[in-house]
Structure formats: C-alpha cells, structure tokens
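# Geometric and topological summary
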Amino acid sequence: MIEPNPKGEVWIFAEQEDEHLSETSLELCSKARELADRLGVKVGAVLAGWNVRELSYRLIAHGVDKVYYVYDTLLEYYRTLPYARVVCQLITRHKPQIVLFGATPLGRDLAPRIASEMRSGLTADCTDLEIGDYTEPKTKAVHKDLLMQIRPAFGGNIIATIVNFDRWPQMATVREGVMPLGDGDPRRSGQIIEEKIEFSDFEQSVRLIERVREKRKVNLKGARIIVAGGGGVGSKENFKLIHDLAGVLGGAVGASRAAVDGGFISKEHQVGQTGTTVRPALYIACGISGAVQHRAGMEESAKIIAINWDKEAPIFGVAHYGIVGDLTKVIPMMIRAIREKE
Amino acid sequence: MAYDSIVCVKQVPDTANITGDAMKDDGTVNRSALPAIFNPDDLHALEAALQVRDRFGGTVTAITMGPLSACEVLRDCLYRGADRVILVNDRRAAASDTLATGYILAQAVRKIGNCDLIWAGRQAIDGDTAQVGPQMAEKLGIPQVTYFEALVDLSGRTIRVRRNVGNGYEVLEARLPILLTVLDSANETRPAAAKRVMRFKHARSAGEITNEVAANMPAASSAEKEAEAARLLEKLRAAGLRIEQWSLDDVAADLRRCGMSGSPTKVHRVQSIVLTKEGYTEIPPSEEGVGRMIHELVVDHTLG
Ligand SMILES: Cc1cc2nc3c(=O)[nH]c(=O)nc-3n(C[C@H](O)[C@H](O)[C@H](O)COP(=O)(O)OP(=O)(O)OC[C@H]3O[C@@H](n4cnc5c(N)ncnc54)[C@H](O)[C@@H]3O)c2cc1C
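Residues numbered from 1 in each chain as written. Chains lettered and ligands numbered in written order. Predicted model: local features only at pLDDT ≥ 70, side-chain atom pairs only at ≥ 80, totals over all residues. Heavy atoms only, no water.

Residues and elements named next belong to chain B. By size, the foremost hydrophobic cluster in this structure holds 47 residues, and its most contacted members are Leu-117 and Trp-119. The leading source of residues in this core is helix α1 (residues 40-56), at seven residues. If we ignore the near neighbours within four places in the chain, the residues touching Trp-119 are Ser-5, Ile-6, Val-7, Cys-8, Ala-45, Ala-48, Ala-49, Val-52, Phe-148, Leu-180 and Val-182. (Core = buried A, V, L, I, M, F, W, Y, C linked by side-chain atoms within 4.5 Å. Buried < 20%, exposed > 50% of the residue type's maximum accessible area, 1.4 Å probe, protein only. Helix = DSSP H or I, 4+ residues; strand = E, 2+ residues; numbered from the N terminus. Contact = heavy atoms within 4.5 Å.)

Our focus in this paragraph is the state of the cysteines. All names here are of chain B. Per the counting criterion, the structure on display carries zero disulfides over all chains. With no disulfide of its own, Cys-77 has Cys-8 as its nearest cysteine by sulfur position, at a separation of 11 Å. Cys-115 carries a free sulfur, and the closest cysteine sulfur to it, the one in Cys-8, is 9.1 Å from it. (Disulfide = S-S within 2.5 Å.)

All names here are of chain A. According to the stated counting rule, one finds twelve aromatic pairs over all chains in the structure shown. Between Tyr-134 and Phe-165 the ring centres are 5.7 Å apart and the planes differ by 25°, which places this aromatic pair in the stacked class. With Tyr-134 in strand β8 (residues 128-135) and Phe-165 in the loop between β10 (158-163) and β11 (170-174), the pair connects residues that are 31 residues apart, well separated along the chain. Across this residue pair, the class does not change: Tyr-134 and Phe-165 are buried. (Phe/Tyr/Trp six-rings, centres within 6.5 Å; stacked < 30°, edge-to-face > 60°.)

Read across the open sheet, the four strands follow the order β8(A)-β9(A)-β10(A)-β13(B); overall the sheet is antiparallel. The sheet is open, and its two borders are formed by β8 of chain A together with β13 (266-272) of chain B, each paired with just one other strand. On average, each strand axis in the sheet is tilted by 35° relative to the strand beside it, whichever way the strands run. Both β10(A) and β13(B) contribute to a ladder of six bridges, which runs antiparallel. Considered in β13(B), the bridge of A:Ile162 is made with B:Val267. Contacts between helix α1 (residues 23-39) of chain A and the sheet are confined to β8 and β9 (142-153) of chain A, with β8(A) contributing the most and set at about 30° to the helix. (Pairing = 2+ DSSP bridges. Axes fitted to C-alpha atoms, helices over the stretch in contact; angles between N-to-C directions.)

Dropping the structure here:
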C-alpha cells in the first residue's frame, strides 16, 4: 500500500491485445481525465506489452498526459504474474492516488492480484465514479476529495458507494460500456515515459500453450438502434419478428436472458448485467419484463420503446414510449409504419 | 498420482429472487429475509474438485468463512462427496472486505497444509466481485487461473487447463500448487447422494452443538451444558460427523488484517434502486398510434 497522496496522478491500466487497445481503456481515459481535472492532477496510463509504443498516441488523444510504457517479450501476451509485477512496481515508484482498470475478463483477473500485493482496496465493477468527501461515522474525521466508487450490489438490487481513505491507491474496475467513449483529439500532446521493470529473477510458473480469439460477430455496442426480444417473444420462430423489425430499421438484435435461456437466440446478443451494456439512440424492448439485471444494461439508451402486454411490467418505468399490447400484433404494425415512411 | 484439493464455498442470499419483504423501509436489503443458498459458481468448483479426485485419487476439503448457518453448505458438500469440511467462524472477521477475506481464507489453507489444487467459484452472487480467489492466490504466493472451463491434462506436478476469456479461450500450463476459479459452464454438478444425506445430515459444528444444547436444556447450569456439549461433540467425532470449526486464532491470523480494520474499502452509502416513474408516452396498440410514434421518431431524428 502507499500513503494517501492527494497530489498523486490518476492512472488507468491500458488494456491491449494484438496491438489493439480495448474500447474500455479509452472509456477509462475520458473518466480519468474528468477526475484528474477535478483534482488538479495529471492522468497517467500504464501501457505494457511488446512493440506497442504506437498505442500511446491514442491514449494521449483520449486525455492521457503521461504514458508509462513497459516493454518486454514476457509481456507480449497477457499473463497475470508478469503484468501484476509491472503495475505494482510502477505504483510503488510513482504513487498514483487512483488506479482504474476495465472490468473486463483481463481487468478482473489482474486488479485483485495487484490489490492483494499492494494491500490496498479494490472495488469491482463500478458503474460510476465521482470525487467527494467522506466522514468517518465513529471519529467524525473528514476525508476530502476521495474517489466515490459507485456500483450495483446484491444482484443489482442496490447501489453502493464505496470509499478507501487510508490504504491507497484507490483502485476500481469499471464496467465496460458505462463511461461514454469520447472521440479523442489527435492534437493533444503528452509524454511517453519508458519504464524498466526487472524480470531477470522472474520464474515463469504459467505458460501459454494455445490462444484462440473469436471475431465478435454481434456488434451491440456499436449499434445506433437495437431491437431486443425477451421471454415474452415465446419461441425461436416468433423471434423472427425481432430480426425483421431490426432489419427494416438497420439495427442490431438484442435479447434478455430469458430469451437466451429459452434458446431463441445466442448468448452474444444478451443485454444486461451479465451481457453487454448498451446505450444506443433507440432501444426497443419487446416482451421484456425489465428485471433490474436487464435494465442495468440498457437504461442509458437515449430513447426506449417498451412493448409488453402487462401494463405493470417494470420496463415501462424506464421507457419513453410504452405500448401495452401483444407484441405479435404490434411489431408487424411497426414494420408497416416504418416501410410507409420510406 | 493422487491430488489433494481445497474448495472455497460460500453461503449467499438468493439475490436472484428478491421479493418485496426483503427490502427494508430505508431501502436496504434485509439479508435475513432472503433464503440462503449455495453460491452457484461454487457448486461447479466443488464438482471440478470431485472429478479430479474420482479420476486420480486424493481428497477434497471444503472450507467456508461465515456464520454458523453456513454449515448448511458444508453439509451439502458432504452430501455431494467432500471428504472433509471446515468452517472458519469468528465474530472478529465480520465486515471483512475481499482483501481481508482472501487473507483469512489463505491462512486457513496454510493450516490445512499440503494441497495441490485450490478451487473457488468464479464469483459470488451477493457481491459479484470475483476478487477473493485471485487475492487468496496472491496471499499464498501461488499462480492463479481464472475462468477455468476444462481440465486438459494433469500429470505429475503439471496441469493444463482451458480458460474461457469471453471472446475466446486459452490453454495454460502451470506447476502445482495452483488456484483456479471455475465458470458455471465447466461441468454439470452432481446431485446429493441419498446415502450420504442419510449419514451426514447429522454432521454438526461445535457452535451448532452449543446452540442445540442451550435450546434443549434451558434449565441446566452452564457447567452441565458444557459437559453435555463436550459429550455430544466426542460422539460426533467418533462417528466422523464433526464439522471442524476454526477461529481466527486457530488459523493464526493477524487480527489487524481481519474484519473492519483489515478492510481498506468502506461502504459509504447504500441506495435501493428506485424506478424513475417519470411517466412515458402511452401509445395505443393500433396502426394509427404506432404510425404517430414512428413519425415522432423521424421528426426528432432518432430514425432515418
Ligand atoms: C446474477 C443475475 C444476472 C442476470 N443478468 C441478466 C442479464 O444480463 N440480462 C437479462 O436480461 N437478464 C439477466 N438476469 C435475469 C433477469 O433477472 C430476468 O430473469 C430476465 O431479464 C427476464 O427476462 P424477460 O423479461 O425477457 O422474461 P420474462 O421475465 O419471462 O418476462 C417476459 C415478459 O414478456 C411479457 N409478454 C409475454 N408475452 C407477451 C406478448 N405476446 N406480447 C407482449 N408482451 C408479452 C410478459 O408480460 C413479461 O413482462 C440475471 C439474473 C441474475 C440473477
């Protein structure tokens, strides 16, 4: 752990694979920028890999002031232990006050290992981050300008705000897709600092034997319009309605977990807490009740249309347009109305 | 070659089925009003360990940290085939965050001694943090493999496993000992075996016995109660039905690293989710109504 250090930088861990930065890393950049501006400090990024220096420019464009770049052949493919060593040593060297990771499979593997080694706090899967003050309930001691780590808990039924005032850095993993992705400004300038990490004594206890990546076939995150079907669609045959509506709108197809569990559509289409978090211009929820775990993944959409024959369904609580009716009748009406507009 | 496994399990409130009764007036969740269940991913961790034992020989020890009621999941482990179960129970461990929990469980693993494989579920449904497994591995100074989906090979001191990383998979090779966190897609869990249920439903921890004696002999002096509890525990031990119960002292834990003082993260505020009933435009399910809505969406540039 490091001592509380209010002058410390705000850091992000820049996740990269096959020489591509993850989208979440760029989302973290804009959030880190916002927090750092509030605190009046610089944004740093830890970039580790082999021959990925070029990626620094993208990070800088998205708001980073200093890229701490570490390269070694050991870092070509992600493995927990060498990466944990990089981040822990850099934290000890530069004492950032905040370190953020994407709550990706990689981030959720790496961050707890680092937190344990540093003996500092870590909050998983945050959906929002703010700077604020905290008063200790017993001593009434006030800690100013802490990182408020906001996350759903208890299966999404409550929202908890977590703080760490004494064992820094303040660390969090941040859910994918919940922080807006900025455009980046290629004219921004920043520093690239090459850091050396000692690996000569490193024992390679885990070897990578095989590595397979599938191309993402479904691009929910990038879609401007999403038509999503739920358990209420009833069958795989009926799910064709969802595809048809998405087709005429040029949108992507989403689904609730009930639709995935029912075998109407594959898991890559799932929206929600254990699926993808989306924020399209238009989200059409058809036969979806609006369970809290589903809403967590879509309620930030700019416009939401809900079609459900139960007027008490919670989905109407987040909807802008609500149609209380049978989706097998309403969807064909919508398709006709859209065709007429053309 | 035989392998000894330790499985970390947790009893959790069934957060998937929260009803109105479980919400308190202040909007927080009343844990005690929720049914307690075996954390789903941990059942898959247990199954993975049992499969290794069934194939190669060895033992499976299940450990949990929690209140006495967590003995319920330990009995379930016995029903499904665990050889030994241990409850880590200590008031001073209350309010531990993941860092402190990882430390305490690592201390318990140290006390158990030699083991080759440590298994945990990917995450628990009450917190969804997925942190305790990796933190335990770090405390023990051993490597971790998260998102375990299949055992590819195990021979001598070398293991090969497949892990699913969402957009693909990896096969890793590691030297034992190692800690693995298990996905629910890794296996089909076995049900409780009827014979084992008959036998192990009588398994108890010392704390449970103390409570049962107190309830059954309300008039007895404390010395009499102690003597009765000691007698019952000895009987259980002889019959192989004793659930071991360890305190923080038993696992030689540094108290500064446990409970509230060992936890860097503090809960500042908790809010229940309130639906923003701002109201929405209700569209009648008719050609005309739907047409009007589409028109509005075109006008405000959401469509087209
Ligand atoms: C840890 C955890 C994580 C989870 N993660 C997710 C997640 O990521 N994403 C997710 O979606 N869920 C998730 N869930 C599941 C979630 O709790 C709900 O069970 C699920 O979202 C329900 O899906 P549904 O609303 O489509 O189905 P149902 O609950 O079956 O609701 C169907 C709805 O359709 C309506 N309906 C039925 N027929 C018609 C018709 N003909 N016309 C119009 N309306 C009709 C019904 O009135 C009802 O409201 C998770 C649960 C847990 C415990």
